[in-house]
Amino acid sequence: MKKIKLKVLIPFFDIELGKKRLKNQEFEASEKRAKQLINFEMKIVEILEITSGEK
């Protein structure tokens, strides 16, 4: 399973986790969730890194 590291460009409330994401905050998301955030009507996040999640 891929993990995507994202950086917040515009603060938003992450309804999936029930908390506010602040500008410049970095966090990991599943591939599915990252696609949702990347495809949002405004550019609210950018991709920093993609990892396979396998060891």
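For the structure, check the block above.
We now turn to the structure provided with this report. Remember, predicted model here, so these are calculated numbers, not experimental data.

1. Focus on the nonpolar core
Move 1: Ile4, Leu6, Val8, Phe12, Phe27, Ala29, Ala34, Leu37, Ile44 and Val45 form the largest nonpolar core, which has 10 residues in total.
Move 2: Of all the secondary structure elements, the ones that give two or more residues to this core are strand 1 (3-8), strand 4 (26-30) and helix 1 (31-38).
Move 3: In contact with Ala34, other than residues within four places in its own chain, are Ile4, Leu6 and Ala29.

2. Quick word on the sheet that holds strand 4
Move 1: Read across the open sheet, the 3 strands follow the order 4-1-5; overall the sheet is antiparallel. Since the sheet does not close on itself, it has two edges, and those belong to strand 4 and strand 5 (45-51), each with one partner. With strand direction ignored, the average angle separating the axes of adjacent strands in the sheet is 30 degrees.
Move 2: Where strand 1 and strand 4 come together, 5 bridges link them in antiparallel fashion.

3. Remarks on helix 1
Move 1: What helix 1 keeps buried is the set Arg33, Ala34 and Leu37. One side of helix 1 carries all its buried residues, which in axial view fall inside an arc of 100 degrees.
Move 2: On the buried face of helix 1, the contacting elements are strand 1, strand 2 (12-14), strand 4 and strand 5.

Calculation criteria
Each chain has its residues counted from 1, following the order in which its sequence is written. Reporting of local features is limited, given that this is a predicted model, to residues whose pLDDT is at least 70; pairs of side-chain atoms are given and counted only at 80 or more, and all residues count toward the totals for whole chains, interfaces and linings. As a rule here, side-chain values cover all heavy atoms of the structure and leave hydrogens and water aside. As used here, the term nonpolar core means buried Ala, Val, Leu, Ile, Met, Phe, Trp, Tyr and Cys residues forming a set that is joined through side-chain atoms within 4.5 Å. Whether a residue is buried, partly exposed or exposed follows from its accessible area with a 1.4 Å probe, protein chains only, as a fraction of its type maximum: under 20%, in between, or over 50%, in that order. In this description a helix means any DSSP run of H or I spanning at least four residues, a strand means any run of E spanning at least two, and both kinds are numbered starting from the N terminus. Should any heavy atoms of two residues lie within 4.5 Å, those residues are counted as being in contact. If DSSP finds at least two bridges between two strands, the strands pair. Fitted lines through C-alpha atoms serve as axes, helices being fitted only where they are in contact, and the angles separating the N-to-C directions of these axes extend from 0 to 180 degrees. Working note: the arc is built from the helix axis to C-beta atom directions.

Functional significance is not addressed by these values, which are geometric in nature.
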